[in-house]
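Listed below are the residues making up each chain.
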Amino acid sequence: MLKIILPTIMLLPMALLSPQKFLWTNTTSYSLMIALISLQWLTPTYYPHKNLTQWTGIDQISAPLLTLSCWLLPLMIMASQNHLQHEPPTRKRIFIVSLITIQPFIILAFSTTELMLFYISFEATLIPTLILITRWGNQPERLSAGIYLLFYTLISSLPLLVAVLHLHTQTGTLHLMMLELSHPTLTNSWSNLLSSLALLTAFMVKAPLYGLHLWLPKAHVEAPIAGSMLLAALLLKLGGYGIMRITMLMYPLPNNLHYPFLALALWGALMTSSICLRQTDLKSLIAYSSVSHMGLVIAASMIQTYWSFAGAMILMISHGLTSSMLFCLANTNYERTHSRILLLTRGLQPLLPLMSTWWLAANLTNMALPPTTNLMAELTIMIALFNWSAFTIILTGIATLLTASYTLYMLLMTQRGSLPAHITSIQNSNTREHLLMTLHITPLLLLILKPQLISGILS
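Note that the structure is predicted; figures quoted are calculated from it, not measured.

Rules behind the numbers
- Residues numbered from 1 in each chain as written.
- Predicted model: local features only at pLDDT ≥ 70, side-chain atom pairs only at ≥ 80, totals over all residues.
- Heavy atoms only, no water.
- Patch = residues over 30% accessible without salt bridge, like charges linked within 9 Å, V, L, I, M, F, W, Y side chains within 5 Å.
- Areas by Shrake-Rupley, 256 points an atom, 1.4 Å probe, with all protein chains shown as cover.
- Salt bridge = Lys/Arg side-chain N within 4 Å of Asp/Glu carboxyl O.
- Helix = DSSP H or I, 4+ residues; strand = E, 2+ residues; numbered from the N terminus.
- Buried < 20%, exposed > 50% of the residue type's maximum accessible area, 1.4 Å probe, protein only.
- Disulfide = S-S within 2.5 Å.
- Axes fitted to C-alpha atoms, helices over the stretch in contact; angles between N-to-C directions.
- Parallel < 35°, antiparallel > 145°, perpendicular 65-115°, else oblique.
- Left-handed = near helix turned anticlockwise from the far one by under 90°.
- Contact = heavy atoms within 4.5 Å.
- Nonpolar A, V, L, I, M, F, W, Y, C, P; charged D, E, K, R; others polar.
- Phe/Tyr/Trp six-rings, centres within 6.5 Å; stacked < 30°, edge-to-face > 60°.
- UniProt positions renumbered as here; feature names shortened; annotations may be inferred.

Chemist: Can you walk me through a nonpolar patch on the surface in this structure?
Modeler: The grouping of Phe386, Phe391, Ile393, Ile394 and Ile398 at the surface amounts to a nonpolar patch, some 470 Å² of accessible area in total. With three residues, helix 17 (residues 392-415) is the largest single contributor of residues to the nonpolar patch. With respect to the element layout, Phe391 can be found in the loop between helix 16 (373-388) and helix 17. With relative accessibility at 56%, the residue Phe391 sits in the exposed group.

Structure representation (structure tokens):
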């Protein structure tokens, strides 16, 4: 565990002390080395926990998410090079430092076996994200987006703190393994109901559940590219991971607590997919598609069956890579045309033919084309939900149809059609961007061959 956390922390002095000429090279290559070392967490094992220390332990649910978070740090650094090239050196360093600061907190949040440490690292990821959005966003609205993010997260996480302390007074420990062993009293008392609600709400806001999702499109649209990748690929997964962890812990949740969350998640998947069909803003469209995918994850982790947990895990990982790649592609368009409006950036296929290949690949994985892990996850979740209640097939079926339609809409709007008159010359796509896309799509294609690695099932 420490052999990843310590090098990640030592990235900070490296970012601060590297000579200006080698700043990007050093940080990218070093973080890529850490990412490659972190791949060993994926090795299957029959023990419930790998690398167990006193406060941290990696099990089948957290290993894929940990590897994903280590994998995305070099990609975020690579994606940010272009829009920081005109900034003074000090600001570049501060930007890289704030990116690196989030990393240990995310690693801790995913690997901790103690609820209080989980709460602290879960909240600590908020501060660097806020700095990224409010300082390096593109437009003045970034301040209101930051305020939305801050208050949504804070208001939802105060009850979480109270519920964690209440759990501690009840059971005398916050260690996950001890909590699994101690059987809390199965009462339907108000305090139990409210503490379950409080434990879930914070993660529902982070995941985000439809209805509590209003901060997400704002934050995504205003964030710089690294901020968008971070939000889509990692911070949303913190919510899903928290729900899976807590629902496994809690005394069987009272049924009447399940229903509103399940109904909202499935209805939200349908609603946000249909919102996507009438978006004019490219980043906003991708952000809403994240909400609909995470709705499926929430619904799956609420019914707590073996299949649904496996489906939720696979969907979280594959959605993390896919949506991150889509944000990178949207950013390459934005850097060339300086506009996110779909009408103004259409018809780019003749100009950037290789980029449109990446667009096609990303969109096909996003709409769950058969061999991809996205399809496997969605099918697993739909079967698990159908088994729980046959009615859900209507909602999930329509949501899948809408997902396919808005994805194709996005592909056709950006790549096909006549070129707008104001685009006269456009900068070529460069090696850095192609490498970035390759590093996103390669794990997705390789995971098709062995999805057990990310399914959370002992293989």
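Chemist: How should I be thinking about the state of the cysteines in this particular structure?
Modeler: Every disulfide links exactly two cysteines, by a covalent bond between their sulfur atoms. Counted under the stated rule, the structure contains zero disulfides. In this structure Cys70 is not part of a disulfide, and its nearest cysteine sulfur, from Cys328, lies 18 Å away. The class of Cys70 is buried, set by a relative accessible area of 3%. Judged by relative accessible area, Cys328 falls into the buried class, the value being 1%.

Chemist: Help me out: how do you make sense of the pattern of salt bridges in this one?
Modeler: When the charged atoms of two side chains lie near each other, side chains of opposite charge can form a pair. Within the structure shown, the criterion is met by five salt bridges. Across the salt bridge formed by Arg340 and Asp281, the nearest N and O atoms sit 2.9 Å from each other. Here Arg340 is found in the loop between helix 14 (306-337) and helix 15 (353-366), whereas its partner Asp281 is found in the loop between helix 12 (255-276) and helix 13 (282-303), with 59 residues between them in sequence. Each member of the pair, Arg340 as well as Asp281, is classed as buried. Each of Arg336, Arg432 and Glu433 takes part in one network of salt bridges that share partners.

Chemist: It is not clear to me how the packing of helix 12 against helix 13 should be interpreted in this structure. Could you clarify?
Modeler: In a pair of packed helices, the angle between the axes and the distance between the axes together describe the arrangement. One can describe the packing of helix 12 onto helix 13 by two numbers: an axis separation of 8 Å at closest approach and a directional angle of 155 degrees. In terms of orientation, helix 12 and helix 13 fall into the roughly antiparallel class. For the crossing formed where helix 12 meets helix 13, the hand is left-handed. Between helix 12, through His258, Phe261, Leu262, Ala265, Leu266, Ala269, Thr272, Ser273, Ile275 and Cys276, and helix 13, the contact on the second element is made entirely by Leu285, Tyr288, Ser289, Val291, Ser292, Gly295, Leu296, Ile298, Ala299, Met302 and Ile303. Taken together, the residues of the contact of helix 12 with helix 13 break down into 15 nonpolar, six polar and no charged.

Chemist: Please clarify how the environment of Asn256 should be interpreted in this entry.
Modeler: Locating Asn256 in the fold gives a position in helix 12. According to the relative accessible area criterion, Asn256 is exposed, its value standing at 53%. Sequence spacing of Asn256 and Leu193 is 63 residues, and the spatial spacing of their C-alpha atoms is 9.5 Å.

Chemist: What exactly am I supposed to notice about the packing of aromatic side chains here?
Modeler: Between two aromatic rings, the relevant description is the distance of the centres plus the angle of the planes. Enumeration over the complete set of coordinates arrives at eight aromatic pairs. Judged by centre distance (5.3 Å) and plane angle (75 degrees), the ring pair of Phe122 and Phe203 falls under edge-to-face. Of the two residues, Phe122 sits in helix 5 (residues 115-124) while Phe203 sits in helix 9 (residues 190-206), which places them 81 residues apart along the sequence. Taken as a pair, Phe122 and Phe203 share a single burial class, namely buried.

Chemist: Could you clarify how one ought to interpret the packing of helix 13 against helix 17 in this entry?
Modeler: In the contact formed by helix 13 and helix 17, the axes pass within 11 Å of each other and the chain directions differ by 160 degrees. Relative to helix 17, helix 13 is oriented roughly antiparallel. Crossing of helix 13 over helix 17 shows left-handed handedness. The residues of helix 17 that touch helix 13, namely those facing Leu282, Leu285, Ile286, Ser289, Ser292, His293 and Leu296, are Thr396, Thr403, Tyr406, Tyr409, Met410 and Thr414. Residue composition of the contact of helix 13 with helix 17, by class: seven nonpolar, six polar and no charged.

Chemist: It is not clear to me how the UniProt feature "domain: NADH:ubiquinone oxidoreductase chain 4 N-terminal" (unreviewed entry) in the protein chain should be interpreted in this structure. Could you clarify?
Modeler: The residues that UniProt annotates with the feature "domain: NADH:ubiquinone oxidoreductase chain 4 N-terminal" (unreviewed entry) are residues 1-109. Taken end to end, residues 1-109 has its terminal C-alpha atoms 13 Å apart, with 65% of it in helix and 0% in strand.

Chemist: Where do I start with unusual backbone geometry in this structure?
Modeler: In terms of backbone geometry, most residues other than glycine have negative phi values and most peptide bonds are trans. Cis peptide bonds are those with omega within 30 degrees of zero, and the linkage from Ala207 to Pro208 qualifies with -25 degrees. Tracing the backbone through its elements, the reader meets Pro208 in the loop between helix 9 and helix 10 (215-222). In this model, Asn51 sits at a positive phi of 50 degrees, which is unusual for a non-glycine residue. Tracing the chain through its elements places Asn51 in the loop between helix 2 (23-38) and helix 3 (62-79). The exposure class assigned to Asn51 is partly exposed, which follows from its relative accessible area of 30%. Positive phi, normally seen in glycine, also occurs at His338, with a value near 55 degrees. Here His338 shows up in the loop between helix 14 and helix 15.

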